[in-house]
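Below, each chain spelled out in residue letters.
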Amino acid sequence: TTTIQTTETKAEATTMREQRRKDERRRERSKDFNLSPSHSASERKNWFPVAFSKNVKFNQMIPFDLFNVPWVLFRTKEGEIGCVKDECAHRACPLSLGVQVEEGHIQCAYHGWEFTTRGECVKMPSCKTVLKGVYVDALKTVEHDGMVFVWAGDEGEEVPDEKDPRHPTNLYVGEKSLRAPGGGSVNGTPFLTCAEIELEFENECDVLTERLFTLTQRAVNKAKLVEEKTGSLEKIFDLVDVSAQVAKALRWGWRPVPNEIKFVPSSALVSSIDIQRMYGDSIPRRVHQVHVCLPSRPGKTRVLFRMALDFLPESAMVADKVWENLARQILKEELNDVEECEIDGECPLMSVDEEEAMGDYLSYRSSLKNNNSSSSSRSSSSGGKEEEEKEEEAQ
């Protein structure tokens, strides 16, 4: 009897060790898979807004990179959103090159394998039977503030739910909301969101984020410099592409006045700018902006830009392309300014709001580094225990 119990105990221990190894291999595969050369593992343990909800439609997939990993967003006819790795489990063909079928699955363009919003392969035309348990990596998604958020932490980690303060529905509320404020603005009229833009920018995410903190102040300084040299602010529009005549006409005769800016973890800058007429009335008008900067690939940043104005009647939104062109031109100039600032080293004096926002951002980055150091120490400790277990097994 004792011999049988000892044998059963050893078998259970062996099974537990094998399961632990499988779990560890799965976690290690995920860590290598999500590895980013310039960003720590602790930074990925967050919800990130990666797209505007209105752009994620049935049969309209959105490929993007996040922390050096390719993903694709898609929506079913029932409204469910999926975010899976943009590589087929069969031959690694980008799934975004395929189509979305009626059932809501995305179909690989190479051999027709189909995947659900959870990443499970449910159809394999190139095989006689569907192999069970075939998945591609999938991220958890949440919609909030008109954006799609994904949890970018490692596989096997606990994902914060609605009760966690890091969940988008708890974090991005009130003053930290990524929507323009509700109710009446400074002039008593409500904000209208006139443009939501997604693009990729050729620069490091950290560089772009830090330069955006002083963007408005540099715009004011540039306007003053042009006015001093030429006696007129009209010359400043020579910097604008001639193809954007509508944007040029709409902005003529206005002077930007920075109002406020704040950093909202994990990746958003929320700012407002008052614009004043250089001639004529003195009615206050305000522009509300949201910049989201995400590390996509080394040297590249995914940018989400939302612009809202408080001086437009709702009827003006019929000309949505006009406002989108205006927003694109403004964003283009902002990003060009970031590049110029990096080259010439120009760094204007920061306002109190800008200093406070920059301080919040740097504190957040520092906390991520500290968390990563703690995680590395724990990993080293657990690694030592694993070596001990291996030695015991060998004996």
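Trainee: It is not clear to me how the overall build of the protein chain should be interpreted in this structure. Could you clarify?
Mentor: Each helix and strand counted, the protein chain has 8 helices and 16 strands in total. By residue count, 43% of the 395 residues in the protein chain fall in the buried class. Relative to all contacts within the protein chain whose residues are 6 or more apart in sequence, the contacts with residues 24 or more apart total 61%. Total accessible area computed for the protein chain in this model is approximately 21200 Å², and 50% of it derives from carbon and sulfur atoms.

Trainee: Any chance you could explain the packing of aromatic side chains here in plain terms?
Mentor: When we look at a pair of aromatic rings, we describe it by the centre distance and by the angle of the planes. The full count for this structure, using the stated rule, is 6 aromatic pairs. Ring geometry for Phe263 against Tyr364: centres 5.6 Å apart, planes inclined by 55°, an arrangement best described as tilted. Placement of Phe263 in strand E13 (residues 254-264) and of Tyr364 in helix H8 (residues 352-394) is noted, with a sequence separation of 101 residues between them. The same class applies to Phe263 as to Tyr364, namely buried. In textbook terms, an aromatic cluster arises when at least three aromatic residues are bridged by ring pairs, as seen for Phe213, Phe263, Tyr361 and Tyr364.

Trainee: Please explain the pairing of strand E16 (residues 301-309) as it appears in this structure.
Mentor: Every regular strand shows the same layout, with side chains that alternate between the two sheet faces. Counting buried residues along E16, 9 of its 9 residues qualify, which places the element largely inside the surrounding structure. Residues of E16 alternate between two faces, with Thr301, Val303, Phe305, Met307 and Leu309 on one and Arg302, Leu304, Arg306 and Ala308 on the opposite face, all of them buried. The pairing of strand E12 (residues 192-201) with E16 spans 9 bridges and is antiparallel. When the bridges of E16 are listed, Leu192 appears paired with Leu309. Between the antiparallel neighbours strand E15 (residues 285-295) and E16 lie 5 residues, among them Gly299 with a positive phi of about 80°.

Trainee: Sorry, what's going on with the environment of Phe74 here?
Mentor: By the element assignment, Phe74 lies in strand E3 (residues 69-75). Put simply, Phe74 and Ser96 are 22 residues apart on the chain and 9.3 Å apart in space, counted from C-alpha to C-alpha. Among all residues touching Phe74, those that are not within four sequence positions of it are Val56, Met61, Glu80, Ile81, Gly82, Val84, Gln100, Gly104, Ile106, Phe115, Thr116 and Thr117.

Trainee: When you look at the sheet that holds strand E10 (residues 141-144) in this model, what are you seeing that I'm missing?
Mentor: The strands that make up a sheet pair up through hydrogen bonds in the backbone, lying either parallel or antiparallel. The strand order across the open sheet formed by 3 strands is E1-E11-E10, and the pairing between neighbours is antiparallel. The open sheet is flanked by strand E1 (47-52) and E10, the only strands paired with a single partner. Strand after strand, the sheet turns through a mean of 35° between neighbouring axes, direction not considered. Direction of pairing for E10 relative to strand E11 (residues 147-151): antiparallel, over a ladder of 4 bridges. Within E11, the residue paired with His144 across the bridge is Met147.

Trainee: When you look at the environment of Val352 in this model, what are you seeing that I'm missing?
Mentor: The residue Val352 is located in helix H8 in this model. You can call Val352 exposed: its relative accessible area is 65%. It is 9.1 Å that separates the C-alpha atoms of Val352 and Glu260, two residues lying 92 residues apart in sequence.

Trainee: Looking at this structure, how should I read helix H4 (residues 205-212)?
Mentor: At 3.6 residues per turn, the α-helix brings residues three or four places apart onto the same side. Listed as buried for H4 are Cys205, Leu208, Thr209 and Leu212. Taken down its axis, H4 places every buried residue within 95° of arc, on the same side.

Trainee: Could you clarify how one ought to interpret the pattern of salt bridges in this entry?
Mentor: Close approach of charged atoms lets side chains of opposite charge pair. On inspection of all chains with the given rule, the structure shows 16 salt bridges. In this structure, Lys300 engages Glu202 in a salt bridge whose closest nitrogen and oxygen atoms are separated by 3.8 Å. Of the two residues, Lys300 is situated in the loop between E15 and E16 and Glu202 in the loop between E12 and H4; the sequence distance between them amounts to 98 residues. By relative accessible area, which is 53% here, Glu202 ends up exposed. Here the residues in one salt-bridge network are Glu43, Asp206 and Arg365, joined through shared partners.

Trainee: I keep staring at the sheet that holds E3 and nothing clicks. Help me out?
Mentor: Across the sheet, which stays open at both edges, the 4 strands sit in the order E2-E3-E4-E9 with antiparallel pairing between neighbours. Whereas interior strands pair on both sides, the edge strands pair on one side only; in this sheet they are strand E2 (62-66) and strand E9 (138-139).

Definitions and cut-offs
- Residues numbered from 1 in each chain as written.
- Predicted model: local features only at pLDDT ≥ 70, side-chain atom pairs only at ≥ 80, totals over all residues.
- Heavy atoms only, no water.
- Helix = DSSP H or I, 4+ residues; strand = E, 2+ residues; numbered from the N terminus.
- Buried < 20%, exposed > 50% of the residue type's maximum accessible area, 1.4 Å probe, protein only.
- Contact = heavy atoms within 4.5 Å.
- Areas by Shrake-Rupley, 256 points an atom, 1.4 Å probe, with all protein chains shown as cover.
- Phe/Tyr/Trp six-rings, centres within 6.5 Å; stacked < 30°, edge-to-face > 60°.
- Pairing = 2+ DSSP bridges.
- Axes fitted to C-alpha atoms, helices over the stretch in contact; angles between N-to-C directions.
- Arc of directions from axis to C-beta.
- Salt bridge = Lys/Arg side-chain N within 4 Å of Asp/Glu carboxyl O.

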